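Observations on the model geometry
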Amino acid sequence: MKILNLILSPLLVLGFIATSIAQNPGESFIPKDPKFDNLLTSENSVLLVIDFQEEMMGVVRNIEREVLTNNTQAIIKTAQVFGIPIIESTNAVELGYNKSTLPEFKSLMKDVKNIDRISLNAWQNRDLIDAVEKTGRQKLIITGLWTSGCPTYTALDAIKAGYEVYILTDVMGDATTDAHNRAIDRMVQAGAIPFTWEGAGAEILRDYTNPYGMKGENVEYGFVQVMIDHFYPFAGKY
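Residues numbered from 1 in each chain as written. Predicted model: local features only at pLDDT ≥ 70, side-chain atom pairs only at ≥ 80, totals over all residues. Heavy atoms only, no water.

**So, the confidence of the model for the protein**
Close inspection of predicted coordinates is inappropriate in any region flagged by low pLDDT. Taken as a whole, the protein shows an average pLDDT of 89; of its residues, 87% reach a score of 70 or greater. For residues 1-22, every residue scores under 50 in pLDDT, and the model assigns this stretch 1 contact once sequence neighbours within four places are set aside. (pLDDT = per-residue confidence, 0-100. Contact = heavy atoms within 4.5 Å.)

Structure, rendered in structure tokens:
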């Protein structure tokens with residue numbers, strides 16, 4: 001009988017643990033420090049929205065304009081849902097060469113002060129660098145047009161400056177597929193991490209108990225709604 005009890009006791013304990021986990025799945029979740037997490041979080045990242053102007057958008061051919069517009073709106077909304085700082089920048093508006101950020105994007109960033117530049121490389125603009133430094137965050141999520149121009153130069157210099165750079169390959173565009181792909185290759189070879197908008201959003205969401213996942217009492221528009229509006233309708237189109 002003693003031998004039987006010795007055999008049964010561990011089995012009973014394991015059964016109790018398994019039952020407890022099944023009844024309380026949240027108890028098995030391992031939390032991580034959101035400020036120092038190796039993955040993207042709402043507290044360690046910042047979004048750069050670079051040169052979404054008609055002069056650039058109008059000649060993008062590697063991705064359909066409708067899809068690129070959708071993806072750009074989606075990542076802006078994702079950043080807003082999670083409270084991630086957004087840095088918007090345009091090129092040569094004050095010089096009179098280009099128009100400002102397209103209204104379909106600017107309307108989502110009404111409270112974001114735009115930084116206009118004379119440089120193609122956003123990392124050669126002191127105001128933009130100051131804005132990034134002010135956030136105190138080390139993970140930069142970069143979007144922009146054209147892929148082979150402003151986003152590439154910005155990513156390469158940001159990496160050299162010590163930042164961890166994530167390039168959203170489906171929130172960038174260029175005049176040819178080859179130009180887009182070669183630019184992505186160049187940034188990746190330099191250390192940039194290629195990603196897509198919904199992948200970044202899901203990584204930030206992290207778990208189903210995240211209060212910003214679903215629309216609720218204090219959340220008017222959660223990440224699940226972003227997915228419903230912008231991911232599922234466009235699945236397979238790029």
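Further notes follow.
**With respect to the layout of surface pockets**
Taken as a whole, the largest pocket holds about 280 Å³ of empty space. Lining the largest pocket we find 16 residues, and of these Pro34, Ile204, Arg206, Asp207 and Asn210 sit closest to its centre. Residue classes in the lining of the largest pocket are distributed as 8 nonpolar, 4 polar and 4 charged. (1 Å grid on protein atoms, 1.4 Å probe; cavity = no way out; pocket = protein on both sides within 12 Å on 5 of 7 lines; lining within 4 Å. Points joined across faces, edges and corners; volume = space filled by probe spheres on them. Nonpolar A, V, L, I, M, F, W, Y, C, P; charged D, E, K, R; others polar.)

**Notes on helix α7 (residues 177-189)**
One turn of the α-helix equals 3.6 residues, which is why residues spaced by three or four share an orientation. With 13 residues, α7 extends 18 Å between its outermost C-alpha atoms, agreeing within 8% with the 18 Å of an ideal straight helix rising 1.5 Å per residue. Residues of α7 that are buried make contact with α6 (150-160) and β5 (164-173). Phi turns positive one or two residues past the end of α7, at Gly191, with a value near 120 degrees. (Helix = DSSP H or I, 4+ residues; strand = E, 2+ residues; numbered from the N terminus. Expected span 1.5 Å × (residues − 1).)

**Things to note about the pattern of salt bridges**
Under the criterion given, the structure shown has 9 salt bridges. The closest approach of N and O atoms between Lys32 and Asp37, which form a salt bridge, is 2.9 Å. With a relative accessible area of 6%, Asp37 lands in the buried category. We note a salt bridge from Arg206 to Asp37, for which the minimum N-O separation is 2.8 Å. On the criterion of sequence distance, the pair formed by Arg206 in the loop between α8 (197-205) and α9 (223-231) and Asp37 in the loop between α1 (2-23) and β1 (45-50) is long-range, its members being 169 residues apart. If you follow the salt bridges from partner to partner, you end up with Lys32, Asp37 and Arg206 in one network. (Salt bridge = Lys/Arg side-chain N within 4 Å of Asp/Glu carboxyl O. Buried < 20%, exposed > 50% of the residue type's maximum accessible area, 1.4 Å probe, protein only.)

**Description of unusual backbone geometry**
For Asp51, which is not glycine, the phi torsion reads 60 degrees and is therefore positive. By secondary structure assignment, the location of Asp51 is in the loop between β1 and α2 (54-57). One non-glycine residue, Arg206, adopts positive backbone phi at about 70 degrees. Judged by relative accessible area, Arg206 falls into the partly exposed class, the value being 30%.

**A word on the nonpolar core**
Among the nonpolar cores identified, the biggest contains 35 residues, and Ile86, Trp197 and Phe223 are the most heavily contacted of them. Elements that contribute at least two residues to this core include exactly β1, α2, α3 (65-82), β4 (139-145), β5, α8 and α9. Contacts of Trp197, omitting those with residues within four sequence positions, involve Asn71, Ala74, Ile75, Thr78, Leu168, Asp170, Val171, Phe223, Val226, Met227, His230 and Phe231. Listed in part, the 23 residues of the second largest apolar core include Val46, Leu48, Ile167 and Ile184. (Core = buried A, V, L, I, M, F, W, Y, C linked by side-chain atoms within 4.5 Å.)

**As for the environment of Ile86**
Residue position: Ile86 is located in strand β2 (residues 86-91). Here Ile86 falls in the buried class, since its relative accessible area comes to 14%. Along the primary structure Ile86 and Ser45 are separated by 41 residues, whereas in three dimensions their C-alpha atoms are 9.6 Å apart. Setting aside its immediate chain neighbours within four residues, Ile86 contacts Leu47, Val49, Ile76, Ala79, Gln80, Met109 and Val112.

**Some words on a nonpolar patch on the surface**
Nonpolar side chains collect at one region of the surface, where Met214, Val224, Ile228 and Tyr232 lie side by side and expose about 400 Å² of accessible area between them. Inspection of the secondary structure puts Val224 in helix α9. (Patch = residues over 30% accessible without salt bridge, like charges linked within 9 Å, V, L, I, M, F, W, Y side chains within 5 Å. Areas by Shrake-Rupley, 256 points an atom, 1.4 Å probe, with all protein chains shown as cover.)

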